[in-house]
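Structural characterization, general
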Amino acid sequence: DRVRELESVVAARLGPLAGHELVSEVRTGAGLLGAVEIAEEARAADPGLGARLVADIRRRGVLTRLLRGVGLQFSPPFVITEAEIAQVAETLAAALDAALSH
């Protein structure tokens, strides 16, 4: 029941990242899983971008992993709070913004 309640929160918080210049798509829906796909143009221009984003996001206190070199995957524990989901989305946005400035 809790996971079903939080699915929409994850979608609402991660969804706006789809408008970021470095993002091509955001996927959510199945449980609390989410993924932010790095735009193909950004990956082609900077092949190390995904790994650097993962490292920066981790330095900012959020764990994510790079899937197939293209997507930042988010799979939190089921005890995560709505505030923590918001923090994850804010952290991903901050890391993406920082990557644009480098």
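Only a predicted model underlies this, so the values are computations on that prediction, with no experimental measurement involved.

This part is about the layout of surface pockets. Where empty space is left in the structure can be found by rolling a water-sized probe over the atoms. By volume, the largest pocket is sized at about 260 Å³. What lines the largest pocket is a set of 13 residues, and nearest its centre among them are Leu49, Arg52, Ala98, Ala99 and His102. Of the residues forming the lining of the largest pocket, the biggest block, 5 residues, is contributed by helix α3 (residues 49–59). Class assignment for the residues of the lining of the largest pocket results in 8 nonpolar, 1 polar and 4 charged. Space inside the second largest pocket adds up to approximately 220 Å³. Around the second largest pocket sit 14 residues that line it, and Val62, Leu63, Phe74, Ile80 and Val88 are the ones nearest its centre. When contributions to the lining of the second largest pocket are tallied by element, the ones reaching two or more residues are β4 (71–74) and α4 (82–100).

A pair of packed helices is captured by two measures, namely the crossing angle of their axes and the spacing between those axes. Between α3 and α4, the shortest axis-to-axis distance is 10 Å and the interhelical angle comes to 130°. Taken as axis vectors, α3 and α4 run oblique relative to one another. The handedness of the crossing between α3 and α4 is right-handed. Across the interface between the two elements, Leu49, Leu53, Asp56 and Ile57 of α3 pack against Thr91, Leu92, Ala95, Leu96, Ala98 and Ala99 of α4.

A few words on the nonpolar core. Among the nonpolar cores identified, the biggest contains 28 residues, and Leu14, Leu17, Val36, Leu53, Ile57, Leu72 and Leu92 are the most heavily contacted of them. Elements with a contribution of two residues or more to this core: α1 (2–14), β1 (23–28), β2 (34–38), α3, β4 and α4. Ranked by the residues each element gives to this core, the list is headed by α4, at 6 residues.

Bringing the sheet that holds strand β3 (residues 65–67) into the picture now. The strands making up a sheet are joined through hydrogen bonds of the backbone, oriented either antiparallel or parallel. Reading across the sheet, the 4 strands line up as β1-β2-β4-β3 and stay open at both edges, with antiparallel pairing between neighbours. The open sheet has two edge strands, β1 and β3, and neither has a second partner. The average undirected angle you get between the axes of adjacent strands in this sheet is 25°. One ladder, built from 3 bridges, connects β3 with β4; its direction is antiparallel.

The subject of this paragraph is the side chain of Glu37. Along the chain, the position of Glu37 falls in strand β2. Discounting residues that sit within four places of it in the chain, Glu37 has contacts with Leu22, Val23, Ser24, Glu25, Arg27, Arg43, Val70 and Gly71.

Enumeration according to the criterion identifies 6 salt bridges in this entry. Across the salt bridge formed by Arg27 and Glu37, the nearest N and O atoms sit 2.1 Å from each other. Taken as a pair, Arg27 in strand β1 and Glu37 in strand β2 lie far apart in primary sequence, 10 residues in all. A relative accessible area of 16% places Glu37 in the buried class. By sharing partners, the salt bridges in this structure join Glu25, Arg27 and Glu37 into a single network.

Calculation rules
Residues numbered from 1 in each chain as written. Predicted model: local features only at pLDDT ≥ 70, side-chain atom pairs only at ≥ 80, totals over all residues. Heavy atoms only, no water. 1 Å grid on protein atoms, 1.4 Å probe; cavity = no way out; pocket = protein on both sides within 12 Å on 5 of 7 lines; lining within 4 Å. Points joined across faces, edges and corners; volume = space filled by probe spheres on them. Helix = DSSP H or I, 4+ residues; strand = E, 2+ residues; numbered from the N terminus. Nonpolar A, V, L, I, M, F, W, Y, C, P; charged D, E, K, R; others polar. Axes fitted to C-alpha atoms, helices over the stretch in contact; angles between N-to-C directions. Parallel < 35°, antiparallel > 145°, perpendicular 65-115°, else oblique. Left-handed = near helix turned anticlockwise from the far one by under 90°. Contact = heavy atoms within 4.5 Å. Core = buried A, V, L, I, M, F, W, Y, C linked by side-chain atoms within 4.5 Å. Buried < 20%, exposed > 50% of the residue type's maximum accessible area, 1.4 Å probe, protein only. Pairing = 2+ DSSP bridges. Salt bridge = Lys/Arg side-chain N within 4 Å of Asp/Glu carboxyl O.

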